[in-house]
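Okay, here's what each chain looks like letter by letter:
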Amino acid sequence: MKKKRIFVLLLISVLVLSIFLVGCDNGDNGDNGDNGAVGDNGDDENGGETPERVAVATGGTTGVYYPLGGAFANIINDYVDDVSANAESTGASVENANLLNDGDVDFALIQNDISYFAYQGEEMFDTPMDNLRGLATLYPETIQIVADAGAGIESIEDLVGKRVAVGAPGSGTEANARQILEVHGISYDDLTPDYLSFAEAADNLRDGNVDAAFVTAGTPTAAITDLSTQHNVVLIPIEQDMIDQIVNDYPYYTQVEIPGGTYRNQDDTVDAVAVMAMIAVRAELSEDFVYEITAALFENLSDLESAHARGGDVSLEGAQDGMSLELHPGAQRYFDEVQ
Ligand code: GLU
């Protein structure tokens, strides 16, 4: 009888203990249990994604996003394990912000003014894009206004009544063209706008179908370099009072110069405005994944410089200049560690 009672007590103790242990185990599963699956299901402890393939949205093939986005994809392929990257040609900034926010790409080259509008849901964006985070700002993109030397265009006011290439549909260039014209009191009703990529704009300028083109890109831009060897073109300066107003009205424009000699037959330095190019990243990617990619980028900057001169502007010190998005926690962790 006594033995039986001891046995029952023991049994109850074992049961209570095992319920307690299972309870603890369940508690653990929420954190550590999932960790074991990092390599398998692509999610880390923060619930972020760790994809095996990533896409980088760039721009037109004769711009600067395309070669530099390609170099960034190669850096991921060469120096980050278990992931392959592919760079895609697109209509550039505005389209890229949409692609990134929708999860159609994982990284995107975007102008800092456009990513700001996207994040806030302003200007060309109806609603705030919550899926956009910053990785790093890269180099200045100059708003270059190229005109046929024979078209009699010496100032922005002379664009009135002319046929003007204002950038590809979905480009940041197009937004810049609209804003800069507007500051000069000119709207698309006062000229004939053509929504062309850099390559199309250059071909049409050479063939006499358009009189001028806006090009927002790092200098020298291949589309203009090639065009200037086939056709006589001039760069149109922006007057100082208008530069002051542009910089005042829109926080992400800065004043810059296009140095003489950037293009064939361009001896004079030209006053202009610029925005910054940045790499934006999908918020849903895991912290560790973005940390590794940020590290790979900044440890291999010479690969960017070999792809285009403006790649040489990218630096750790400048990586947050003009940053208009909240940094991705993975990029933030990298900068906190090395800066
Ligand atoms: N910044 C340009 C845009 O978004 C693209 C520049 C480039 O392709 O290098 O319209």
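Higher on the page you've got the structure.
As the structure is a computational prediction, the values presented were derived from the model and not from experiment.

Before going further, it helps to spend a moment on the packing of aromatic side chains. Considering all chains together, one arrives at 9 aromatic pairs under this definition. When the ring of Phe72 is compared with that of Phe107, the centres are 5.4 Å apart and the planes differ by 80°; the resulting orientation is edge-to-face. Taken together, the positions of Phe72 in helix H3 (residues 65-79) and Phe107 in strand E3 (residues 107-111) put the pair 35 residues apart, joining distant regions of the chain. The exposure class assigned to Phe72 is buried, which follows from its relative accessible area of 2%. Ring centres 5.1 Å apart and planes at 50° place the aromatic pair Tyr116 and Tyr252 in the tilted group. Of this pair, Tyr116 sits in helix H5 (residues 112-120) while Tyr252 sits in the loop between helix H9 (240-249) and strand E9 (254-258), placing them 136 residues apart in sequence. Take Tyr116: its relative accessible area is 23%, and that puts it in the partly exposed class. An aromatic cluster is defined as three or more aromatic residues linked by ring pairs; in this entry it consists of Tyr291, Phe298, Tyr334 and Phe335. In this structure, Arg333 is placed above the aromatic ring of Tyr291, and the distance from its NZ or CZ to the ring centre is 4.4 Å.

Here the focus is unusual backbone geometry. At the junction of Thr219 and Pro220, the peptide bond is cis and its omega measures out at -10° in the coordinates. Position of Pro220 among the secondary structure elements: in the loop between strand E7 (212-217) and helix H8 (222-230). With a phi close to 85°, Ala92 is a non-glycine residue in the positive phi region. As for its placement among the helices and strands, Ala92 is situated in the loop between strand E2 (84-88) and helix H4 (93-101).

Rules used in this analysis
Think of each chain on its own: its residues are numbered from 1, step by step along the sequence as written. Under the rules for a predicted model, residues below a pLDDT of 70 receive no local features and side-chain atom pairs below 80 are neither given nor counted, while totals for whole chains, interfaces and linings still include all residues. With hydrogens and water excluded, all non-hydrogen atoms of the structure serve as input to the side-chain values. The criterion for an aromatic pair is that two Phe, Tyr or Trp rings (for Trp, the six-membered ring) have centres within 6.5 Å, with stacked assigned to planes under 30 degrees apart, edge-to-face to planes over 60 apart and tilted to the rest. Put simply, DSSP marks the helices as runs of H or I at least four residues long and the strands as runs of E at least two long, and each gets a number from the N terminus on. Burial classification: accessible surface area is computed with a 1.4 Å probe over protein chains only, and a residue below 20% of its type maximum counts as buried, one above 50% as exposed, and the rest as partly exposed. Here, a charge over a ring is recorded when the distance from Lys NZ or Arg CZ to the ring centre is within 6 Å and its angle to the ring normal is within 35 degrees.

So far we have only geometry, and geometry alone does not tell us how the molecule works.
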